[in-house]
Amino acid sequence: MDFRVTLKKNYEFRRLYHKGKTAVTPYLVVYCLKTGRSVNRVGYTVSTKLGKAVTRNRIRRRLREIYRLNADKLVCGTDMVIVARSACISGDFAKIEKAFLHACAELGLVKGEKK
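Attention here is on the structure that accompanies the text. (Residues numbered from 1 in each chain as written. Predicted model: local features only at pLDDT ≥ 70, side-chain atom pairs only at ≥ 80, totals over all residues. Heavy atoms only, no water.)

Before going further, it helps to spend a moment on helix H1 (residues 10–19). Along H1, the residues classified as buried are Glu12, Phe13 and Leu16. Seen from one end, H1 has its buried residues packed into an arc of 100 degrees, which puts them on one side. Facing away from the buried side of H1 by over 90 degrees, the exposed positions are Asn10, Tyr11, His18 and Lys19. Looking at the packing, one finds that the buried side of H1 touches strand E2 (28–34), strand E3 (41–45) and strand E4 (78–84). (Buried < 20%, exposed > 50% of the residue type's maximum accessible area, 1.4 Å probe, protein only. Helix = DSSP H or I, 4+ residues; strand = E, 2+ residues; numbered from the N terminus. Arc of directions from axis to C-beta. Contact = heavy atoms within 4.5 Å.)

See the structure below:
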């Protein structure tokens, strides 16, 4: 699966925020919407409230890596937006990854698990 297919347009993010399902963890919020495409598309949001550019970019890199490592565990055909929360700044990589997988399982995106 190509993990580099990303959401870039504002209307794509807004569509997910309004019509998508939501899963909330202390580290991040995941919005998803089933599409029917053969690939997943993913977007990342890190607010300026979380820090300066260096901090935000570090968080974004960590979220991208977490998605990349776990992309094969997710079902195909969804658009997803991952929104970082303030606990993500000082959070351990393993805890953030566990929170991401928990949120995906809650939304029914993990292969082999039915919600």
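Attention now moves to the packing of helix H2 (residues 53–70) against helix H3 (residues 93–106). The geometry of H2 relative to H3 is characterised by a closest axis approach of 10 Å and an angle of 60 degrees between their N-to-C directions. Put simply, H2 runs oblique to H3. The two elements H2 and H3 meet at a crossing, and its hand is right-handed. Residues Arg62, Leu63, Glu65, Ile66, Tyr67, Leu69 and Asn70 of H2 touch H3, and the partners they reach there are Phe93, Ile96, Glu97, Phe100 and Leu101. Its residues assigned to classes, the contact of H2 with H3 comprises 8 nonpolar, 1 polar and 3 charged. (Axes fitted to C-alpha atoms, helices over the stretch in contact; angles between N-to-C directions. Parallel < 35°, antiparallel > 145°, perpendicular 65-115°, else oblique. Left-handed = near helix turned anticlockwise from the far one by under 90°. Nonpolar A, V, L, I, M, F, W, Y, C, P; charged D, E, K, R; others polar.)

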